[in-house]
Amino acid sequence: MQIVDIRESTRPIQSNIRNAYIDFSKMTLSLVAVVTDVVRDGKPVVGYGFNSNGRYGQGGLIRERFAPRVLAADPASLRDDARDNLDPHKIWAAMMTNEKPGGHGERSVAVGTIDMAVWDAVAKIEGKPLYQLLAERYGDGQARREVFVYAAGGYYWPGQGLDGLRREMQSYLDRGYSVVKKKIGGASLAEDCARIEAVLKLLGPGQRLAVDANGRFDLPTAIAYAKALSQYDLFWYEEAGDPLDYALQAELADHYAGPMATGENLFSMQDARNLIRYGGMRPDRDWLQFDCALSYGLVEYLRTLDMLEQYGWSASRCIPHGGHQMSLAIAAGLGLGGNESYPDLFQPYGGFPDGVQVRDSIVTLPELPGIGFEGKADLYAEMRALAA
C-alpha cells in the first residue's frame, strides 16, 4: 500500500469582486490528486484536495518540496499497519522534513492542500465518510451529520448599489440560510452602515447578519466601527484588524460587547494559541475561524483543537473559514459549531454535494465515502480530469 503519485494543477477562481483588502480578479487555487495503489471497485483510490479562496495556488511549493518528500519516503514509513491504511500523521511528518519552525506563510497552504487529499484517500480506503472516520478516531463515535452553515457574500462589486446587495442577500435567505454575512471596511463608515441597514430590513425572525472587515482596520477605526455596530444585533463582527495584532483584538473587546470572530488567517497551532493567550477572545460568545486547508491541514487542526480544550474552549466555538466540504466533514465528525458557505462564489470548489438543501441554515451531510467530492458533479469532473 503506497502513494504512487501526487499531481497538482493551478486553477483560476477569479471573480470581479473585492473585500476591504483585496480583489479576486486574479485569484487561483491548487487542485491536488493523491493517487494510491489501493484498488476499490476496480479502480485505484484517489484522494483530492484544494486550498481555500483568499490564498493563491501553491503549485511551486507542492511540486518542488512537499510532494517529492512524500514520494521519496519509504512506503512502509507512511503506513498505518494497525488499520491497514495510510497514516496521515506520518505523511504530514514526511512533508515537513527539514522545515524550520515558524514562518508559516504559504507553506502551510501547500501542506494543507495535500493533507486534505490524503484524508480523502484514507477515508475512501476504509469505505467510510470522512466525518464518520473522524468521529470514531477522535470523537465520541457519533458523527453529527446536521451542520450549521451561513451564507458568505456581500462583497463590493462594480455597479452593485444597495439594490444589488439586497437582491444577493435575499437570494440566500430564499435558499434556506438564516445567517448571512457581508463585507465592511471597503467603503466609508456611513456607507457601510447604510449597507448593513439595507440587509437588516430584509431579515425576519430568527435571521441574523454577520459583518467582516477582512483585517483592514487600525485600532481607532476598529473602535469607531465597534461603536457604530453596537446599535445592531449582529451575529458577529469579524477580523477587525491585522490577524497577528493580538493587542488590537484584545483592546477591541473592551469596546464591543457583542460576538466577535477571527482566526481564518492564522495558519498554525502556535499562532492560534497566541490568539487565545493574548487576543482577548471570550469563549462564552466569540467565534474561531481557523481553516484546515490553509493551516497545514487536519493533522495540525487536531493539535489546535487539543490546545483549545486545554484553554477551556469548546470545539463548538469553531466555525471554519473556506466554505469547502473538508471543513463540513470536520464539523460533523468532531463537533464544530458549523461552517462557512459561498452559495454563488468560487465555484465549483465551494458548496455541497448535489441535492443537499439548506433548511434554517442547516445541511445534512450525505453518506459518501471520503470527503464526498464525488457527489458534486461539476467539481468531480475537474478532479477526475486531473487524476486521469
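Residues numbered from 1 in each chain as written. Predicted model: local features only at pLDDT ≥ 70, side-chain atom pairs only at ≥ 80, totals over all residues. Heavy atoms only, no water.

> So what exactly am I meant to see when it comes to the pattern of salt bridges here?
Side-chain pairs of opposite charge can arise where the charged atoms are in close proximity. Taken as a whole and judged by the stated rule, the model has 27 salt bridges. Salt bridges linked by common partners bring K181, K183, D212, E238 and E340 together as one network. (Salt bridge = Lys/Arg side-chain N within 4 Å of Asp/Glu carboxyl O.)

> How should helix 3 (residues 107–126) be read in this particular structure?
Every α-helix winds through 3.6 residues per turn, so residues three or four apart in the chain are directed the same way. Along its 20 residues, helix 3 runs 29 Å from first to last C-alpha, staying within 8% of the 28 Å computed at 1.5 Å per residue. Among the 20 residues in helix 3, 19 count as buried, and that is most of the element. Downstream of helix 3 by one or two residues, G127 has phi in the positive range, about 70 degrees. (Helix = DSSP H or I, 4+ residues; strand = E, 2+ residues; numbered from the N terminus. Expected span 1.5 Å × (residues − 1). Buried < 20%, exposed > 50% of the residue type's maximum accessible area, 1.4 Å probe, protein only.)

> I'm lost on the UniProt feature "binding site: Mg(2+)" (unreviewed entry) in the protein in this one. Help?
According to UniProt, the feature "binding site: Mg(2+)" (unreviewed entry) maps to D212, E238 and E264 in the numbering used here. These residues run over 53 residues, yet every pair of their C-alpha atoms falls within 11.4 Å of each other. If you trace the backbone, D212 turns up in strand 8 (residues 208–212). A relative accessible area of 0% means that D212 is categorised as buried. In contact with D212, other than residues within four places in its own chain, are K181, K182, K183, I184, E238, E239 and E264. If you trace the backbone, E264 turns up in the loop between strand 10 (260–262) and helix 9 (269–278). Exposure remark for E264: the relative accessible area of 8% places this residue in the buried category. Residues within four places of E264 in sequence aside, it is in contact with D212, N214, E238, E239, Q289, F290, L294 and H321. (UniProt positions renumbered as here; feature names shortened; annotations may be inferred. Contact = heavy atoms within 4.5 Å.)

> When you look at the UniProt feature "site: Increases basicity of active site His" (unreviewed entry) in the protein in this model, what are you seeing that I'm missing?
The UniProt entry lists D291 under the feature "site: Increases basicity of active site His" (unreviewed entry), expressed in the numbering used here. In this fold, D291 is placed in the loop between strand 11 (287–288) and helix 10 (297–310). The contacts of D291, once residues within four sequence positions are left out, are S52, Y301, H321, G322, H324 and S327. Within polar-contact distance, the side chain of D291 engages the side chain of H321 at 2.9 Å. (Polar contact = N/O pair within 3.5 Å; in protein donor to acceptor, adjacent residues only side chain to side chain.)

> It is not clear to me how the domain arrangement of the protein should be interpreted in this structure. Could you clarify?
When the parts of a complex come together, some accessible area is lost, and that lost area is often taken as the interface size. The domain architecture assigned to the protein consists of domain 1 (3–127) and domain 2 (138–387). Relative placement of domain 1 and domain 2: their C-alpha centres are 23 Å apart. Taken together, the contact between domain 1 and domain 2 spans 42 residues of the former and 51 residues of the latter. Where domain 1 meets domain 2, there are 2 salt bridges. Across the contact surface, domain 1 and domain 2 share 18 residue pairs in polar contact (both at pLDDT 80 or more). Secondary structure elements with two or more residues in the side of domain 1 that touches domain 2: strand 1 (3–12), strand 2 (28–40), strand 3 (43–50), helix 2 (88–95) and helix 3. The element best represented in the side of domain 1 that touches domain 2 is helix 3, accounting for 12 residues. (Domains from an automatic or database assignment.)

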